[in-house]
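Residues per chain are reported as follows:
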Amino acid sequence: MIVRPHQHWFTRLFVWHGSVLAKISTRLLLNVALSVTVIFFLPWYEALDIKLTIAPFSILGVAIAIFLGFRNSACYARYTEARLIWGQLVIQSRSLLRVSRTLLVAHPQEIRHLVNLQIAFCHCLRLTLRRKKLDNVLDRYLSQAELNAVLHSHSPCNRIILLMGEWLAAQRARGALSDILFQSLDNHLNELSGILAGCERIANTPLPFAYSLIVHRTVYLFCILLPFALVTDLHFMTPFVSVFISYTFLSLDTLAEELEDPFGMEDNDLPLDALCNGIEIDLREMINDEHKPEKMRPDRRYLLT
Amino acid sequence: MIVRPHQHWFTRLFVWHGSVLAKISTRLLLNVALSVTVIFFLPWYEALDIKLTIAPFSILGVAIAIFLGFRNSACYARYTEARLIWGQLVIQSRSLLRVSRTLLVAHPQEIRHLVNLQIAFCHCLRLTLRRKKLDNVLDRYLSQAELNAVLHSHSPCNRIILLMGEWLAAQRARGALSDILFQSLDNHLNELSGILAGCERIANTPLPFAYSLIVHRTVYLFCILLPFALVTDLHFMTPFVSVFISYTFLSLDTLAEELEDPFGMEDNDLPLDALCNGIEIDLREMINDEHKPEKMRPDRRYLLT
Amino acid sequence: MIVRPHQHWFTRLFVWHGSVLAKISTRLLLNVALSVTVIFFLPWYEALDIKLTIAPFSILGVAIAIFLGFRNSACYARYTEARLIWGQLVIQSRSLLRVSRTLLVAHPQEIRHLVNLQIAFCHCLRLTLRRKKLDNVLDRYLSQAELNAVLHSHSPCNRIILLMGEWLAAQRARGALSDILFQSLDNHLNELSGILAGCERIANTPLPFAYSLIVHRTVYLFCILLPFALVTDLHFMTPFVSVFISYTFLSLDTLAEELEDPFGMEDNDLPLDALCNGIEIDLREMINDEHKPEKMRPDRRYLLT
Amino acid sequence: MIVRPHQHWFTRLFVWHGSVLAKISTRLLLNVALSVTVIFFLPWYEALDIKLTIAPFSILGVAIAIFLGFRNSACYARYTEARLIWGQLVIQSRSLLRVSRTLLVAHPQEIRHLVNLQIAFCHCLRLTLRRKKLDNVLDRYLSQAELNAVLHSHSPCNRIILLMGEWLAAQRARGALSDILFQSLDNHLNELSGILAGCERIANTPLPFAYSLIVHRTVYLFCILLPFALVTDLHFMTPFVSVFISYTFLSLDTLAEELEDPFGMEDNDLPLDALCNGIEIDLREMINDEHKPEKMRPDRRYLLT
Amino acid sequence: MIVRPHQHWFTRLFVWHGSVLAKISTRLLLNVALSVTVIFFLPWYEALDIKLTIAPFSILGVAIAIFLGFRNSACYARYTEARLIWGQLVIQSRSLLRVSRTLLVAHPQEIRHLVNLQIAFCHCLRLTLRRKKLDNVLDRYLSQAELNAVLHSHSPCNRIILLMGEWLAAQRARGALSDILFQSLDNHLNELSGILAGCERIANTPLPFAYSLIVHRTVYLFCILLPFALVTDLHFMTPFVSVFISYTFLSLDTLAEELEDPFGMEDNDLPLDALCNGIEIDLREMINDEHKPEKMRPDRRYLLT
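Here the structure is a predicted model, which means the values were calculated and not measured.

### Points about the overall build of chain A
Each helix and strand in chain A was counted, giving 12 helices and 0 strands. In terms of overall dimensions, chain A is more spread out than a globule: its C-alpha atoms have a radius of gyration of 26 Å, far above the 19 Å expected for 305 residues. Considering only C-alpha atoms, chain A reaches an extent of 95 × 35 × 30 Å along its principal axes. Looking at chain A as a whole, 65% of its 305 residues qualify as buried. Carbon together with sulfur atoms contributes 60% to the accessible area of chain A, which is approximately 11,200 Å² in total.

Have a look at this one:
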């Protein structure tokens, strides 16, 4: 996520980093090259009686804008939902610990165990969503037996919830929790289960492939044909207008692609590292644990991963 | 569902499989044929003073794009909701088992019975949604008496929830569950009931028929009239522009039709087989059962059914 | 609801029934007649220097399409919500019976009473929403005293929920249900209450009247003025293009009106009869009652009421 | 709310009352006057080489339609949500009474007290939302002490919920309700609290002021400039087309303004009086109280307040 | 928030304050200056055969309007959600106090302590969202020990919820609350936790940066190029039309930016001060505390902060 501070509207026009401009520069240069070529071949082109007027492109342009707008909304909805689910993780992590700490005030060691499981869950979720290795992070929070169980599981995060369930059952078994309070705490585990399945859903079910493909194709074909349609009217102005229209469509298409997978590592994706870091600080502080990590800050390029 | 790995934007333009291009190829060829015919008959056509200008098509094009966009949103919302409901199934399956296993830790045989009922429910839901035969799948998970009850029911999935309800009542009857815990577990059955009715709703209540029909008709008529409107302006370029605009409208119309029934077996439908397979692995693993199935992978054409 | 089986895209173009085409045929014929008239009067019309160009109609067409699109979304949202509420009815009916049957397994007569109340509620809701007579249907399910109470009530459905509440209180009073289980079952009655009020809300609060009126008026005026605007450009083609554009706008306007009242008896409305029939079969089957009705099928014209 | 019965589409075109036409008639007449003036000054206007073509108005028209469409959606969402909240009030009123009546069947006097508090709450909510005097309505339902407490409160509705809370606590204090049932009934009070805060939110937080202003300004300016842009093309037809386009934009703008405050007394606002009347009849009937009010009917102009 | 009273539509056109007009005046003046320059250089410009027609701008204008419309919706959704969350705070504050007061009627001192914690939470949330200093406000409501704990915390609001949790646990510990009532009250704390995390989510996760940037850039570039495209057609009318179109796009872009951060101090942001003030009055009144603050009123410029 880019957390660029507020800038004057004029300065902002010249931002390069994080603007998806870098990603589509090749395609825009191709467009300029094509426009220039078209200007040179214009006399030969007109002689052939091959003419493209701008009117059908007007229909196409509006249609593509509507479909692109729809795809954008769908991808942004995925991004927003992903953020909402991680917000739920923040809520549930704090609430589960608050009630547990209150009810089991006489057993700080048990609470410390729970906190470690909770933090391990967050990191495990982050790492599996980003397809990274788990072991060198999780060994900070889990015992060797727990770590083995988690690493050998088909669904490591679900295994950690199972460990929390066992922890909770143990508290009930030794009489520290009545059935009502057990059920109340167990609901938080159900919520964690919902968070996990929500993330899996977003990560494993992309936008229907054909959707992205249709929009891609029509956008690219539109940008390729555009210089031919503009040249008879605009002549030397063709490259400027063509590249401007292409920028509008291509950049939104590219941004939609970034937002489609909100758990990725691209500039506009969610800052999962920072979210995990925040939860860890919160939980450690709630049990007055001094060993809390440093708060993460955006890097020099205003990026928060 | 197509799970094609990320490709370069240029390569992606030439994808054939899963792009709905195959489905609409006849219609696009018809469009090309019509455009070529129109070019040949142009002199005769102009002599008749029958002229179609592009201006009224501009109004129509935008109107159709807006309505097609709405239909697309409605169909995509059905697809998204269907996926959300199956995500709920993942959540509830795991949560029901987690709590049950925790509370009935002394009765592994009962838990194994529950797991079989749960997996049977998932497969039963998948098979009824896809109108396939149940018996040769469900007999792996149900006893003969249960299988008979399920197969002779008007609503097999609901019958399996009923069996789970009886299992739950039996646990309460022999004192293993207090009323509070019984009610808490029973809520998971209510959720399964909601999942079932949600899937039935999507499967049995399509988009109002007239909607699809109006959009179909106007899109097809638009594509048929398009060459007549373009030919006076574009002449030899008519087939190219006409087929491009037709592709934009027809492909989105066709994709919307695929998404409208998200439980089908078409390329862009939900991978119910893989979801059931995932739930089965999860549940078996949670009770340390060795007899879990292999994880399903996409086939050579990147398809996951 | 029309449940037409999947057809070839070409055949589908010629569907008459259920396509709202029948409903708007008069208005389309008027449009054709006007177009033909305009062609005849064209010379006189041009002599008067009364000219309507297509350009302002382009602005209007897009604006109307946007507003019509909005109205369509709003009406479709009402339809979807109505279906969702009836889906809730399916869920709650099954869940209430499942838990009751489980907990009161020793009192089949009581359960049978509950089932009759539940089915009566569904039919009562259907009949009041469609403003039909209640007595000749409800007397199959209610005792004479109950029937009297229901028929003399200002809100018959609410009275049936009250009867269920009394049934539930009776079970608690004779010690068959603890407070926890009572509250749990009572929640299902709250849900039924929500379903009832939801249906009443949709039925009694239409889309703001002025909305429909503005869209109607502008659509009709637009279609009336269209031939005048098209004739100078299109001449003999005027009737075809004019009727095509009118079809697009009028059919969507008319469909929106059908969907606005989803509980009606028109072609594209919800199949409340079939839904009630389905719930009755489900509930009877859950208590192994042999006297269940036949499953409703669509009629020859693919209609399910 | 206007509850005009279904009319023939043709008759409907000539509806005056409730169509917002009355409200914008001045502005439409101004537009006609301007159009006529412009026609007279056309020669002088053309001599000055001041020309306004329709092309830039096409861009503006579409842009304004999109923004107006968005504002309409936002205002309609407020209207829908307001109706939903009042639907919740119906649900909660009935459910709270149903359970209370069932559990406190031996104390009809207490139930009568509760019913009075409930009805007082509905009327109080209605009257505060419409900024009317409370005392001459509420004194029908509240004792003198209660009335004083309510009238002197900063938030009268909240005070009535507090009185219900005290009523509920009294029932628990004298042993009529276990903690579970107390909590269950108390949840209904929480829901009432949510209903109250929801209404306050809609009433006190309008659409951001700048939004309405921008749309107003651009719509009015657009309508003022329109005759100038149309006159060179349309000449004598200018007033007709100009007033038609203006009607489309102005009427939607004005309707949006009515819907923005759904609790008002304008034609298209919610019928709060009728809703309160309905709840009062429902509740009185549920306790077989003979003193229920008459059911409200729409007046001669189909208005339900 | 601006709470300008209802005005005549004509007067409203001349509003300056709160209309975002002030903010974009420089950019509009630049646009006028550019338009005038373009008119002067028109002969030289035409000689160069550099021509920009309005047709490609028509495509661009519609596309930009669609994307701007989407960005507006997204920002408005943030604003609406923020208001909804603060509405939740009103609900939970009142409900938590109502139940507590009812159940702990014998301990007014404890209730007073709770009220102070609740009010402190609201102010703390407001101040952290607006990045202001906490200590000189919170010391009115918290003891010195509490204040220290809160001020030294990484997440002060969460620390206050923790204090409420400890207060609640103390009530349970001394036997004033059964487990059921404890769990019921604790749910309100979970809701407060959700409110806090919801606000943090909106405040810390802006709209993806690239989105705002793409829309900014295309809007500004569009407005800069507009005079060049309009001048050949409109000549002396160029500045008027150009500044009007620019106003439409720039003002919506600027308003979206204000709404994006709904917790800010700009004209169209949420009135957090007034909301906190309202909650404080409500809570103090519910315990008949005389020391309630004055109700906040909008200032002379109709602003409520």
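Past the structure itself, the notes keep going.
### Section: the relation of the copies chain D and chain E
Take chain D, turn it by 72°, move it 0.0 Å along the axis, and it overlays chain E with an RMSD of 0.0 Å. What the superposition gives is, in effect, a five-fold axis relating one chain to the other. Interface overlap between copies is the fraction of interface residues in one copy that are interface residues in the other; for chain D against chain E it is only 8%, indicating separate surfaces.

### Topic: the pattern of salt bridges
For the structure shown, the criterion picks out 80 salt bridges over all chains. C:Arg98 is the partner of B:Asp186 in a salt bridge, and the nearest nitrogen-oxygen pair spans 3.1 Å. Of this pair, B:Asp186 sits in helix 9 (residues 179-204) while C:Arg98 sits in helix 4 (residues 55-103), placing the two residues on different chains. Taking relative accessible area as the criterion, C:Arg98 reaches 2% and is therefore assigned buried. Linking E:Lys133 and E:Asp135 is a salt bridge whose minimum nitrogen-to-oxygen distance equals 3.7 Å. According to the relative accessible area criterion, E:Asp135 is partly exposed, its value standing at 28%. Residues joined by salt bridges that share partners form a network here, namely A:Arg112, A:Glu280, A:Arg284 and A:Asp289.

### So, the packing of helix 5 (residues 108-129) of chain A against helix 8 (residues 156-173) of chain A
Residue and element names in this part refer to chain A. The interhelical angle for the contact between helix 5 and helix 8, taken along N-to-C directions, is 165°, at an axis separation of 9 Å. Overall, the two elements helix 5 and helix 8 adopt an arrangement that is roughly antiparallel. As helix 5 packs across helix 8, the resulting crossing turns out to be left-handed. Counting all contacts with helix 5, which are made through Glu 110, His 113, Leu 114, Leu 117, Gln 118, Ala 120, Phe 121, Cys 124, Leu 125 and Thr 128, the residues of helix 8 involved are Pro 156, Cys 157, Ile 160, Ile 161, Leu 163, Met 164, Trp 167 and Gln 171. Looking at the contact of helix 5 with helix 8, its residues break down into 13 nonpolar, 4 polar and 1 charged.

### Details of the interface of chain D and chain C
With 71 residues of chain D at the contact, the number on the chain C side is 60 residues. For the pair chain D and chain C, the summed buried surface comes to about 5,900 Å²; carbon and sulfur atoms form 70% of the total. A per-residue breakdown of the area chain D buries against chain C is headed by D:Trp9, D:Arg98 and D:Phe244, which together make up 13% of the total. Our count for the contact surface shared by chain D and chain C stands at 3 salt bridges. A salt bridge links D:Arg94 to C:Glu200; the nearest nitrogen and oxygen atoms lie 3.1 Å apart. Where the side of chain D that touches chain C is concerned, the elements lending two or more residues are helix 1 (9-12), helix 4 (55-103), helix 9 (179-204), helix 10 (209-234), helix 11 (238-260) and helix 12 (272-286) of chain D. Among the elements that line the side of chain D that touches chain C, the one with the most residues is helix 4 of chain D, at 24 residues. Of the residues that constitute the side of chain D that touches chain C, the class distribution is 39 nonpolar, 22 polar and 10 charged.

### With respect to the interface of chain D and chain E
Counting from both sides, the interface comprises 60 residues of chain D and, opposite them, 71 residues of chain E. Of the roughly 5,900 Å² buried where chain D meets chain E, counting both sides, 70% is carbon and sulfur surface. It is D:Ile59, D:Phe209 and D:Arg217 in chain D that bury the most area against chain E; as a group they hold 13% of the surface buried on that side. Counting the contacts that link chain D with chain E gives 3 salt bridges. As a salt-bridge pair, D:Glu166 and E:Arg101 come within 2.4 Å of each other at their nearest N and O atoms. Remark: the boundary between chain D and chain E carries 13 residue pairs in polar contact (both at pLDDT 80 or more). Elements that contribute at least two residues to the side of chain D that touches chain E include exactly helix 2 (21-40), helix 4, helix 8 (156-173), helix 9 and helix 10 of chain D. Sorting elements by how many residues they give to the side of chain D that touches chain E places helix 9 of chain D first, with 14 residues. Of the residues in the side of chain D that touches chain E, the class split is 33 nonpolar, 14 polar and 13 charged.

### Considerations on the packing of aromatic side chains
The final tally for this structure, using the stated rule, is 35 aromatic pairs over all chains. Between the aromatic rings of B:Phe70 and B:Tyr211, the centroid separation amounts to 5.1 Å while the plane-to-plane angle is 35°, which identifies the pairing as tilted. Of the two residues, B:Phe70 is situated in helix 4 (residues 55-103) and B:Tyr211 in helix 10 (residues 209-234); the sequence distance between them amounts to 141 residues. Comparing B:Phe70 with B:Tyr211, the two get one shared label, buried. Three or more aromatic residues link up through ring pairs in this structure, and these residues are A:Phe57, A:Phe222, A:Phe249 and E:Phe67. The lysine or arginine in question, A:Arg172, covers the ring of A:Phe182, its NZ or CZ lying 5.4 Å from the ring centre.

### Focus on helix 5 (residues 108-129) of chain B
Residue and element names in this part refer to chain B. Across its 22 residues, helix 5 extends 32 Å between first and last C-alpha, which sits within 8% of the 32 Å expected from 1.5 Å per residue. The buried count for helix 5 comes to 16 of 22 residues, which makes it a mostly enclosed element. Positive backbone phi, approximately 50°, marks Arg 131, located one or two places after helix 5.

### A word on the relation of the copies chain D and chain C
The operation linking the two copies of the chain is a rotation about an axis combined with a translation along the axis. Taken as rigid bodies, chain D and chain C are interconverted by a rotation of 72° and an axial shift of 0.0 Å, the fit giving an RMSD of 0.0 Å. The two copies present different faces, since only 7% of the interface residues in chain D are matched by interface residues at the equivalent positions in chain C.

### Describing the UniProt feature "transmembrane region" (unreviewed entry) in chain A
Residues and elements named next belong to chain A. According to UniProt, the "transmembrane region" (unreviewed entry) feature falls on residues 28-45, 51-70 and 209-230. Secondary structure over residues 28-45 splits into 94% helix and 0% strand, and the C-alpha atoms at its two ends are 23 Å apart. With 100% helix and 0% strand, residues 209-230 has end C-alpha atoms that lie 32 Å from one another.

### Let's talk about helix 9 (residues 179-204) of chain E
With 26 residues, helix 9 of chain E should cover 38 Å at 1.5 Å per step; its first-to-last C-alpha distance of 36 Å lies within 8% of that length. Of all 26 residues in helix 9 of chain E, 21 are buried; the element is thus mostly enclosed.

### Structural notes on the environment of E:Leu162
Residue and element names in this part refer to chain E. Examined against the element boundaries, Leu 162 turns out to sit in helix 8 (residues 156-173). On the basis of relative accessibility, which here comes to 2%, the residue Leu 162 falls in the buried class. Put simply, Leu 162 and Ala 145 are 17 residues apart on the chain and 14 Å apart in space, counted from C-alpha to C-alpha.

### Looking at the state of the cysteines
In the structure shown here, the tally under the stated rule is 0 disulfides over all chains. Free cysteine: A:Cys199, not disulfide-bonded; nearest cysteine sulfur from A:Cys157 at 8.5 Å.

### Some points on the environment of A:Asp139
For A:Asp139, the position within the fold is in the loop between helix 6 (135-138) and helix 7 (144-151). Taking C-alpha positions, A:Asp139 is 8.8 Å from A:Ala120, a pair spaced 19 residues apart along the chain.

### What about the environment of B:Leu89?
Residue and element names in this part refer to chain B. Relative to the helices and strands, Leu 89 is located in helix 4. The sequence separation of Leu 89 and Ile 180 amounts to 91 residues, and the corresponding C-alpha distance is 23 Å. Once residues within four sequence positions are removed from consideration, Leu 89 is found in contact with Phe 121, Cys 122, Leu 125, Leu 192, Ile 195 and Ile 279.

### Points about the arrangement of the chains
Between chain A and chain D there is no contact, and the shortest C-alpha to C-alpha distance separating them is 11 Å. Left apart from each other, chain B and chain E have a closest C-alpha approach of 11 Å.

### Looking at unusual backbone geometry
All names here are of chain C. For Asn 288, which is not glycine, the phi dihedral falls at a positive 55°. Relative to the assigned elements, Asn 288 resides in the segment after helix 12 (272-286). Relative accessible area serves as the criterion here: at 52%, Asn 288 is assigned to the exposed category.

Cut-offs and rules
- All residue numbers here refer to positions counted from 1 along the written sequence of the relevant chain.
- For naming, the first written chain is A and the first written ligand is 1, with later ones following in the order written.
- With pLDDT at 70 or above as the cut-off, local features in this predicted model cover only qualifying residues; side-chain atom pairs require 80 or more to be listed or tallied, and sums for whole chains, interfaces and linings still use all residues.
- In computing side-chain values, all of the structure's heavy atoms are included and hydrogens and water are not.
- Helix and strand assignments follow DSSP, with helices taken as H or I runs no shorter than four residues and strands as E runs no shorter than two, numbered in order from the N terminus.
- For the radius of gyration, the atom set is restricted to C-alpha positions; the globular benchmark scales as 2.2 Å times the number of residues to the power 0.38.
- Working definition: with a 1.4 Å probe on protein chains only, accessible area under 20% of the residue-type maximum means buried, over 50% means exposed, and in between means partly exposed.
- We get accessible surface area from the Shrake-Rupley algorithm with a probe of 1.4 Å; when it comes to residues, only the shown protein chains can shield them.
- Here the copies are matched by least squares. The fit uses the C-alpha atoms of residues with pLDDT of at least 70 in both.
- Only heavy atoms matter for contacts: two residues are in contact if any of them lie within 4.5 Å across the pair.
- Every case where a carboxyl oxygen of Asp or Glu lies within 4 Å of a side-chain nitrogen of Lys or Arg is listed as a salt bridge.
- Whenever a helix is involved, its axis is fitted only over the stretch in contact; in every case the axis is a line through C-alpha atoms, and angles between N-to-C directions fall within 0 to 180 degrees.
- Geometric relationships in this document are graded by angle, where less than 35 degrees denotes roughly parallel, more than 145 denotes roughly antiparallel, 65 to 115 denotes roughly perpendicular, and other angles denote oblique.
- For any helix crossing, the convention is left-handed if the near helix is rotated counterclockwise from the far helix by under a right angle, and right-handed if that rotation is clockwise.
- Each residue receives one of three labels: charged for Asp, Glu, Lys and Arg, nonpolar for Ala, Val, Leu, Ile, Met, Phe, Trp, Tyr, Cys and Pro, and polar for the others, Gly being one of them.
- Once two parts are joined, some of their accessible surface, as seen by a 1.4 Å probe, is lost; buried area is that loss totalled over both.
- In protein, a polar contact means a hydrogen-donor-capable atom and an acceptor-capable atom, both N or O and within 3.5 Å, with residues adjacent in sequence counting only if both atoms are side-chain atoms; elsewhere, any N or O pair within 3.5 Å suffices.
- Stacked, tilted and edge-to-face are the three classes applied to pairs of Phe, Tyr and Trp rings, where Trp contributes its six-membered ring and a pair requires centres within 6.5 Å; stacked means planes under 30 degrees apart, edge-to-face means over 60, and tilted covers the rest.
- A ring is scored as having a charge over it whenever the NZ atom of a lysine or the CZ atom of an arginine sits within 6 Å of its centre and within 35 degrees of its normal.
- Any helix carries an expected span of 1.5 Å times its number of residues minus one.
- UniProt positions are given in the numbering used here, feature names are shortened, and annotations may be inferred rather than shown by experiment.
- Any two cysteine sulfur atoms within 2.5 Å of one another count as a disulfide.

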